[in-house]
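Observations on the three-dimensional arrangement
Residue-level listing of the chains:
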Amino acid sequence: MTQQVSRRLFIAGASFTGLASTSTYSEASSRSGRISVPFHLNPRRKLAPFGSSVSSAIVHYNRASPNVGTAGLLLEDGLEEAVALGFKTIIDMRGGDENGVAEESGKAKRLGIPRFHLPITTKMIDQDLITRFASIVEDLDQHPVLAHCVSANRVSGMWALYRARCGVDPIVALEEARACGLTSREPAIREMLKLPPA
């Protein structure tokens, strides 16, 4: 059920009153009374950097939540940059035979950063991969997490499916994924979320 609620917004000293829609997402959150783990704020822990660009070596970066960053390709010094930015865990969603996967694995070992390989090689994402992704991003000891592929498209699709599994309205999950870089995989993600074609 969607409700209209009056909201007061303060921008640069000006006050605006308007209507805002509360979604199934906020209703699901209020029912459980809990915030999803990737959205927990802990003042003693470093958060994923805010913004849409953190380094020229980390392509298509976006912060999906305070504890999860998404990206495309990590260029030559991208893994070192991620560590310098405070990321504690890397999730690589490229296929095992894609360029740079083996090199990144070796570099992660040398740097001492946990790296999980969750290869997405088809348009449809396996439910087991979603479960594995959830177990990583919901583990506070892994935060902040940087999940990447080549273009951020696979990672964004995974984010949508994960968020929907958490109880977020599928259209809101899709919008979050678009903000992280979902493009060509959107038709398959819509199908998995049981949403009509665009």
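Our subject is the structure listed above.
Because the structure is a prediction, the values reported are computed rather than measured.

**A look at the overall build of the chain**
When its secondary structure is counted, the chain shows seven helices and seven strands. Starting at the N terminus and walking to the C terminus, you meet the elements of the chain as β-β-α-β-β-α-β-α-β-α-β-α-α-α. Here the chain holds 198 residues, and the buried ones make up 42% of them. For the chain, long-range pairs separated by at least 24 residues make up 61% of all intrachain contacts whose partners lie at least 6 apart in sequence. Split by element, the accessible area of the chain, about 10,400 Å² in all, is 55% carbon and sulfur.

**So, helix α4 (residues 127–137)**
Every buried residue of α4 is accounted for by Leu129, Ile130, Phe133, Ala134, Ile136 and Val137. Buried positions in α4, seen along its axis, are confined to an arc of 160° and lie on one side of it. Packed against the buried residues of α4 are β4 (68–71), β5 (89–92), β6 (115–117), β7 (145–148) and α5 (153–165). For α4, the N-terminal cap is Asp126; the gap from its side-chain oxygen to the backbone nitrogen of Asp128 is 2.7 Å.

**Observations concerning the packing of α4 against α5**
Interaxial distance between α4 and α5 falls to 10 Å at its minimum, and their mutual angle equals 80°. When the interaxial angle is binned, α4 and α5 end up roughly perpendicular. Mapping the contact onto sequence places Gln127, Leu129, Ile130, Thr131, Phe133, Ala134 and Val137 in α4 and Met158, Trp159, Leu161, Tyr162 and Arg165 in α5.

**Describing the sheet that holds β4**
Sheet strands line up and pair through hydrogen bonds in the backbone, either parallel or antiparallel. In space, the five strands of this open sheet follow the order β3-β4-β7-β5-β6, with mixed pairing throughout. Pairing within the sheet leaves two strands with one partner each, and these edge strands are β3 (62–65) and β6. Neighbouring strand axes in the sheet, compared pairwise and without regard to direction, differ in orientation by 25° on average. Pairing geometry for β4 and β7, over four bridges, is parallel. Pairing of Val68 across the sheet is with Val145, part of β7. Here α5 sits on the sheet and contacts β3, β4 and β7; the angle it forms with β4, its principal contact strand, is near 140°.

**Observations concerning the packing of aromatic side chains**
A complete count under the given rule lists five aromatic pairs for this structure. Centroid distance Phe39 to Trp159: 6.4 Å. Interplanar angle 50°. Geometry classified as tilted. Remark: Trp159 occurs in helix α5 and Phe39 occurs in the loop between α1 (24–32) and β3; sequence separation between them is 120 residues. Residue classification places Phe39 among the partly exposed residues on the basis of a relative accessible area of 22%. Using a relative accessible area of 0% as the deciding quantity, one classes Trp159 as buried.

**Re the pairing of β4**
Covered by surrounding structure in β4 are Val68 and Thr70 together with Gly69 and Ala71, the residues of both alternating faces. Two strands pair when backbone bridges link them, and β3 and β4 are joined in this way by three bridges, in the antiparallel orientation. Note that in β4 the partner of Arg63 across the bridge is Gly69. Turn length for the β3-β4 hairpin, with the two strands adjacent in sequence and antiparallel, is two residues.

The rules behind these values
- Residues numbered from 1 in each chain as written.
- Predicted model: local features only at pLDDT ≥ 70, side-chain atom pairs only at ≥ 80, totals over all residues.
- Heavy atoms only, no water.
- Helix = DSSP H or I, 4+ residues; strand = E, 2+ residues; numbered from the N terminus.
- Buried < 20%, exposed > 50% of the residue type's maximum accessible area, 1.4 Å probe, protein only.
- Contact = heavy atoms within 4.5 Å.
- Areas by Shrake-Rupley, 256 points an atom, 1.4 Å probe, with all protein chains shown as cover.
- Arc of directions from axis to C-beta.
- Polar contact = N/O pair within 3.5 Å; in protein donor to acceptor, adjacent residues only side chain to side chain.
- Axes fitted to C-alpha atoms, helices over the stretch in contact; angles between N-to-C directions.
- Parallel < 35°, antiparallel > 145°, perpendicular 65-115°, else oblique.
- Pairing = 2+ DSSP bridges.
- Phe/Tyr/Trp six-rings, centres within 6.5 Å; stacked < 30°, edge-to-face > 60°.

Everything listed here is a matter of geometry and, on its own, says nothing about what the molecule does.
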